[in-house]
Amino acid sequence: MRNRSPISSTTTYNPIHDHNHKHRTFSLCSLQLFLFLLAACIALFVIFQIQSLQTPPPPPSLSSHPSSWAFIHEWQNFITNTITGPSAACVAQEAKAAAAAANDKLRRAVTFLPLKDLRYAQTAQQGHTWFMSSMYDTQEEGEVQYQQFPSEASNGRLLCIKGRDNHDGSWNSYALAWPDTLPYNATLTKGLTFVLNNHYNYVNLWHGLSAVVPLVGWHIKNGCLERPTRWVLYHWGELRIYMSPWVQSLMEATFSVPVNVEGFDNSASGGGGGGSGEEEEGAVCFEEAVVTRHNEGGMSSKRKLEVYDLLRCKVRKYCNVSLVVEGGAGRQGVVEIGMTMLMRTGSRSFRNQSAVVGIFQRECKKVNGCRLRVAHPDNLTFCEQVKLMSLTDIVVSPHGAQLTNLIFMDKNSSVMEFFPKGWLKLAGVGQYVFHWLASWSGMKHRGAWWDPDGDQCPYGDEDPRCKSFYKNGLIGYNETFFAEWTRNVLNDVKVRKMEEASKNGTIVSLSDSGCACSS
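Reference entry: report on the structure contained in this document. Every value quoted in this text rests on a predicted model; they were computed, and no experiment measured them.

### Regarding the packing of aromatic side chains
Evaluated as defined, the whole model comprises 22 aromatic pairs. Over the face of the ring belonging to tyrosine 184 we find arginine 107, whose NZ or CZ atom lies 3.9 Å from the ring centre.

Quick look at the structure:
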């Protein structure tokens, strides 16, 4: 309440006079406020200039980029603690109102853009990609390409995501916001969040592995100190809530924490973001987030090898795989060699499985110490697959997701791959993915066999439908070629393991030593 001059019994109250009095008081307060703010600004500018000359620049970090809202708080506190006298309450009230107005403007200024930018639909896997197309990746030479929030690159802002559409990524959106001025109706989630965009899917072992590898690379680069609290999976900007159990187990083993795939089930709430009064889906903002969208792109061979070494070591510990030294000199100096055939049912399986197994069985028996195992990975648990591959020096398998298990073999192990008729011409670069994976993980791809015979595509070889036709075909065999090929590989592996055994006495598997950056 404003103070008024007392009205005596002999004085007549004049409303106009009272109004003029209040106007003069308000003008005086405003003039005092203006003059004080001007003087304070000049003083602060001089102080900051002097401090900048006397203090060396800090190292680049989040702390060197305080948010605008943090500065407003400092400014408000400076005014409140500096002013004394009758004007203090007036100035403090004005400063508080200005801070609240700035807060409101910053929250309303948060702009959401579509996760899937249709302008880049024709070059979805190039450059920025169509996922979060306005953002640039951080990358050092040979390292994973990623974005991190908050960071110096984001000026201390957090990543916020709105929408959970699983059919059209352009309906989902993202934005950056200061921690103290998150958009209205937003939810802040604590901990580290991994955000992935995959051009394929997370169910297939190969494609799922390719999507998570860069995050393991980021983990190694940062000293393996942080573990993810949640995973947000996108495919073309469309939300996915399922990850292959194989990939999920691999990540649980690597990070030593359960994998929590975020579905944003509780993010939608009414309340009208920004006070509009309309129902609006709330955004989710992440206390810390790392985003990858290029799979292994940019990673050097050295970094990839480090990633697969860590994966191999971690899963063996996770599955409690304890190997009796099979790779070294065993009974009477005989080198033991494990040969494993990973079989498929349906598409790309062997047309005559028993005949093919018989060829490899006969060749294995000719080599002392060779042991053949035949397995269908679909019938094995994750840890059973890890143990099987830990005992494998040579993996024999048709092209398919089951070959992703090759990463669990000891380094320098061998891969023999088989394709149905028509695959060589129509499969494109996809037929080489296990060549790449073998190289990245330190294995030796010993070549592939493409069946020259088989059913002919009924549509004509140039018809696009023939790709699926041949992809789902069966694989025949050539006994003479298979036998000679197997003999050569077995001989090479035997020589290598004997040399290693003579140098080291025994072959120590990765599971017998500590994993890189163990915690």
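Now that the structure is up, let's keep going.
### Details of the pairing of strand S11 (residues 394-398)
Counting buried residues along S11, five of its five residues qualify, which places the element largely inside the surrounding structure. Burial of S11 is two-sided: the residues Ile394, Val396 and Pro398 facing one way and the residues Val395 and Ser397 facing the other way are all buried. Across three bridges, strand S9 (residues 337-342) lies against S11 in parallel orientation. Note that in S11 the partner of threonine 340 across the bridge is valine 395. Bridging between S11 and strand S12 (residues 414-419) involves five bridges; their strand directions are parallel. The residue of S12 that forms the bridge with proline 398 is phenylalanine 418.

### Regarding empty space enclosed by the protein
Enumeration according to the criterion identifies two cavities of 30 Å³ or more in this entry. In this structure, the second largest cavity encloses a volume near 30 Å³. Lining the second largest cavity, in full, are Gly422, Trp423, Leu426, Ala427, Lys467, Tyr470 and Lys471. Of all the secondary structure elements, the ones that give two or more residues to the lining of the second largest cavity are helix H9 (423-426) and helix H11 (465-471). Per-class residue counts for the lining of the second largest cavity are four nonpolar, one polar and two charged.

### With respect to unusual backbone geometry
Geometrically, the link from phenylalanine 149 to proline 150 is a cis peptide bond, its omega value of -5° lying close to zero. Mapped onto the fold, proline 150 is located in the loop between strand S2 (147-149) and strand S3 (158-162). Look at arginine 348: it is not a glycine, yet its phi comes out positive at around 60°. Structurally, the position occupied by arginine 348 is in the loop between S9 and helix H7 (353-365). For arginine 348, a relative accessible area of 8% gives the class buried.

### Quick look at the pairing of S12
Of all the six residues making up S12, six are buried; the element is thus mostly covered by neighbouring parts of the structure. Because side chains alternate across S12, one face comprises the buried residues Ser414, Met416 and Phe418, and the other comprises Val415, Glu417 and Phe419, equally buried. Where S12 and strand S13 (residues 444-450) come together, five bridges link them in parallel fashion. Along S13, the bridge assignment pairs glutamate 417 with alanine 448.

### Examining helix H5 (residues 245-255)
H5 sits mainly inside the fold: eight of its eleven residues count as buried. Buried residues of H5: Trp246, Val247, Ser249, Leu250, Met251, Ala253, Thr254 and Phe255, and no others. Close packing links the buried residues of H5 with strand S5 (187-198), helix H4 (205-221), strand S6 (228-235), helix H6 (301-318) and helix H8 (382-390). Just downstream of H5 lies serine 256, where phi reads positive at about 60°.

### Let's talk about the pattern of salt bridges
Per the stated rule, a full pass over the model turns up 21 salt bridges. With a closest N to O distance of 2.8 Å, aspartate 309 and arginine 312 form a salt bridge. Residue aspartate 309 and its partner arginine 312 are located together in helix H6, separated by three residues, close to a single helical turn. Owing to a relative accessible area of 1%, arginine 312 belongs among the buried residues under this scheme. Taking the shortest distance from any N to any O, the salt bridge between arginine 487 and glutamate 363 comes out at 3.3 Å. Here glutamate 363 lies in helix H7 and arginine 487 lies in helix H12 (residues 479-504), a separation of 124 residues in the sequence. Judged by relative accessible area, which is 38%, arginine 487 ranks as partly exposed. The structure contains a network of salt bridges with shared partners spanning Glu143, Lys302, Arg303 and Glu306.

### Brief notes about the sheet that holds strand S10 (residues 370-375)
Overall, parallel pairing links the five strands, which are arranged S10-S9-S11-S12-S13 in an open sheet. The open sheet has two free edges, formed respectively by S10 and S13, since each of these has just one partner strand. Averaged over all pairs of adjacent strands, the angle between their axes in this sheet comes to 15°, without regard to strand direction. Pairing of S9 with S10 involves six bridges; the strand directions are parallel.

The rules behind the values
- Residues numbered from 1 in each chain as written.
- Predicted model: local features only at pLDDT ≥ 70, side-chain atom pairs only at ≥ 80, totals over all residues.
- Heavy atoms only, no water.
- Phe/Tyr/Trp six-rings, centres within 6.5 Å; stacked < 30°, edge-to-face > 60°.
- Lys NZ or Arg CZ within 6 Å of the ring centre and 35° of its normal.
- Buried < 20%, exposed > 50% of the residue type's maximum accessible area, 1.4 Å probe, protein only.
- Helix = DSSP H or I, 4+ residues; strand = E, 2+ residues; numbered from the N terminus.
- Pairing = 2+ DSSP bridges.
- 1 Å grid on protein atoms, 1.4 Å probe; cavity = no way out; pocket = protein on both sides within 12 Å on 5 of 7 lines; lining within 4 Å.
- Points joined across faces, edges and corners; volume = space filled by probe spheres on them.
- Nonpolar A, V, L, I, M, F, W, Y, C, P; charged D, E, K, R; others polar.
- Contact = heavy atoms within 4.5 Å.
- Salt bridge = Lys/Arg side-chain N within 4 Å of Asp/Glu carboxyl O.
- Axes fitted to C-alpha atoms, helices over the stretch in contact; angles between N-to-C directions.

The values are spatial; any link to function lies outside them.
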